[in-house]
Every structure is written in C-alpha cells, then in structure tokens.
Amino acid sequence: MTTLLQILAATLLSSILSIVLAGLISFKFLDRYMSKMLCISAGLLLTVAFTHLLPEAFEIHENAASVGWTLLVSVLFLFCLEFALSHQHHGHINASEHSISEYIKGGRKRSSGAGNAILIGDAFHNFTDGILIASAFMVNSGLGWVTALAILAHEIPQEVGDFMVLLHSGFERSKALLWNIISGLTSMLGGITGYFLLDRVEWMVPYAFAIAAASFIYIALSDLMPEIAHQEKPERFYIQLLFILIGVVMAVLATGGLHEH
C-alpha cells in the first residue's frame, strides 16, 4: 500500500470511527443525562483547547503574539457569526429576548449559531490532525498508524462534546451525525495537503490549532457554562461543577502527552 493510500485510510479511520463511536455514546445517554452531558462537554472542550491545542500552537509558532491575535479574531468572528445567524432566525425579536442566558434558563433550544461555530472549529482541528498524520507517515508507516490511533483516542471524548453542542443547538440527531462526519472528512483533506505540500503548509498548523481552540472556548463559555451560573440551588450548581471536572479528567486521560510528539 502506498504512503498516500495509508494516509487516506488512517485519516478516514481516525475521524469517522471516532465520530460514530461518539455519536453512539451521545445518543444512548442523551434523554436521561442531557444536562450532565452538557457539563461534561464543557469540561472536555475547555481542557482540549487550553491543554492541547493552544500549547501546540504556541510551541510550534515562533511569534506567540500572532497566535494570540488569531485566537482573538476567531472569537470575535464567532461572536458576530452567532449574532448574524440568531438575527436571521429571530430578526423581529429584540436581542435581549433571546440572549444566551435566557434561552438556557428557559429550557429552550438555541439557534444553530453555536452548532455552526463548533463545526467550523472542528473542521480546522481535523484538518490539522490530517497534516499531523501525514507528517508521521512521511517518517514511517508504523509511526503513522500509531499517530492515527492516538488521535482516534483523543477525538472520541471531544466529539461527544461536539454532539452535545449540536443537539443543544437544535440539530436533529441525523443531521448532527451527518455534519459531524462532513467536518471530520477535512482530516483527509489535511492528509492529502500534508502529503503533497508539507514543507509549504507547516506555517498553517499553529493558526489552525488557534482557530479550533477559539471555537471550543467560545462555545463552552457562551453556550454551556451560563446554564451552571444561573442555577438557583447551590447543591445543583456543585453537582454540575462536578460533571465539568469529570469532563476535564476525561480529556486529560484521553489527550495526555499527545502534543509532545
């Protein structure tokens, strides 16, 4: 099997299999544990962003300020994107009437803005994973498959978090699965790009990590965390905080040490 075919097979395996497994986990526990799963997803997304994506970006890029500016611009872009999509769906309603906190406190599903934002960030993340897999295969096939399996392992808990955001944003289960798969296929594009142009596109990697991190941080802080902040009963707040920490632990166990390679 040629190197390119192995890269395509490895990127397809690491992305699609992780999405399908995450979907099975999410759909199985959705009805009974939705609020707890949202807390876990917040912990997952924040931990992946702060302990995996951003350290990778800062470690690779010589100019940390450039990564910081990319993060800032990405967050502001996602904010504008969500406003535009919300305005499009609720143009006749005052913005204060469908603010993040009001939608969550009222138990209503949000517009698709948060879901679109997470898909954009995940697409950049998967594209970068594809480049990493390609670079490993350029050394030798054994390292390539090990890298693909490592990425598969850390993608599963992150994809669970993505599914929770998509479902909470009003996506139907079938559409959430379909769009997550489409987003995952960018890893194959990254693998192809890495195979043919690795020496020319390496400069893109830290920026892709920063954009992905921005989307995870933005969604966790704007879409998921407010639900906890508005709990009226202190004991409920602490229970949900516990599940956020469970998400943190899951992310640490799944991604620990990967960025060092």
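Just so it is clear, the structure is predicted and the values come from calculations on it, not from any experiment.

**Description of the nonpolar core**
Counting 47 residues, the largest nonpolar core has Leu45, Leu53, Ile118, Phe163, Phe216 and Ile219 as its most contacted members. When residues of this core are assigned to their parent elements, the largest contribution, 15 residues, is made by helix α1 (residues 3-60). Once residues lying within four places of it in the same chain are set aside, the contact partners of Ile118 are Leu45, Asp162, Val165, Leu166, Ser215, Phe216 and Ile219. Of all hydrophobic cores here, the second largest spans 7 residues; its members include Ala134, Phe137, Ala148 and Ile151.

**Comments concerning a nonpolar patch on the surface**
A contiguous nonpolar patch, built from Leu13, Leu17, Val20, Leu21, Leu24 and Leu149 and spanning about 470 Å² of accessible area, is present on the exposed surface. Top contributing element to the nonpolar patch by residue count: α1, with 5 residues. Residue classification places Leu24 among the exposed residues on the basis of a relative accessible area of 55%.

**Overview of the side chain of Asn126**
Residue placement: Asn126 occurs in helix α4 (residues 113-139). Not counting residues up to four positions away in its chain, the partners in contact with Asn126 are Glu155, Glu159, Ser183, Gly184, Thr186 and Ser187.

**Some words on the confidence of the model for the protein**
On average, residues of the protein carry a pLDDT of 76, and 78% of them reach 70 or more. Low pLDDT (under 50) marks residues 89-109, which in the prediction has 29 contacts with non-local residues, meaning those over four places away or in another chain.

**Here's the deal with the packing of aromatic side chains**
The full count for this structure, using the stated rule, is 4 aromatic pairs. Taken together, a centroid distance of 5.6 Å and an interplanar angle of 80° make the contact between Phe137 and Trp145 edge-to-face. Seen in terms of ring centroids, Tyr195 and Phe196 are 4.9 Å apart; in terms of plane orientation they differ by 85°. Their pairing is edge-to-face. On the basis of relative accessibility, which here comes to 28%, the residue Tyr195 falls in the partly exposed class.

**Digging into helix α6 (residues 173-184)**
Here α6 spans 16 Å end to end across 12 residues, near enough to the 16 Å set by a 1.5 Å rise per residue. All of the buried residues along α6 are Ala176, Asn180, Ser183 and Gly184. Angular distribution of buried residues about the axis of α6 spans 100°; they occupy a single face of the element.

**Observations regarding empty space enclosed by the protein**
In this structure the tally under the stated criterion is 1 cavity of 30 Å³ or more. Considering only enclosed or pocket space, the largest cavity measures out at about 30 Å³ in volume. What lines the largest cavity is Ser14, Ser15, Ser18, Asn126, Asp129, Ile151, Glu155 and Ser187. For the lining of the largest cavity, the elements supplying multiple residues, two or more each, are α1, α4 and α5 (141-168). Element by element, the count of residues in the lining of the largest cavity is highest for α1, at 3 residues. Its residues placed into classes, the lining of the largest cavity shows 1 nonpolar, 5 polar and 2 charged.

**Section: helix α7 (residues 186-201)**
In a regular helix each residue adds 1.5 Å, so 16 residues correspond to 22 Å; α7 covers only 15 Å between its end C-alpha atoms and thus falls short of that length. Residue Tyr195 marks the point of greatest curvature in α7, where the axis turns by about 75°. Turning to α7, its buried residues are Thr186, Ser187, Gly190, Gly191, Thr193, Gly194, Leu198 and Val201.

Calculation rules
- Residues numbered from 1 in each chain as written.
- Predicted model: local features only at pLDDT ≥ 70, side-chain atom pairs only at ≥ 80, totals over all residues.
- Heavy atoms only, no water.
- Core = buried A, V, L, I, M, F, W, Y, C linked by side-chain atoms within 4.5 Å.
- Buried < 20%, exposed > 50% of the residue type's maximum accessible area, 1.4 Å probe, protein only.
- Helix = DSSP H or I, 4+ residues; strand = E, 2+ residues; numbered from the N terminus.
- Contact = heavy atoms within 4.5 Å.
- Patch = residues over 30% accessible without salt bridge, like charges linked within 9 Å, V, L, I, M, F, W, Y side chains within 5 Å.
- Areas by Shrake-Rupley, 256 points an atom, 1.4 Å probe, with all protein chains shown as cover.
- Salt bridge = Lys/Arg side-chain N within 4 Å of Asp/Glu carboxyl O.
- pLDDT = per-residue confidence, 0-100.
- Phe/Tyr/Trp six-rings, centres within 6.5 Å; stacked < 30°, edge-to-face > 60°.
- Expected span 1.5 Å × (residues − 1).
- Arc of directions from axis to C-beta.
- 1 Å grid on protein atoms, 1.4 Å probe; cavity = no way out; pocket = protein on both sides within 12 Å on 5 of 7 lines; lining within 4 Å.
- Points joined across faces, edges and corners; volume = space filled by probe spheres on them.
- Nonpolar A, V, L, I, M, F, W, Y, C, P; charged D, E, K, R; others polar.
- Bend = angle between axes of the 7 residues up to and from the residue.

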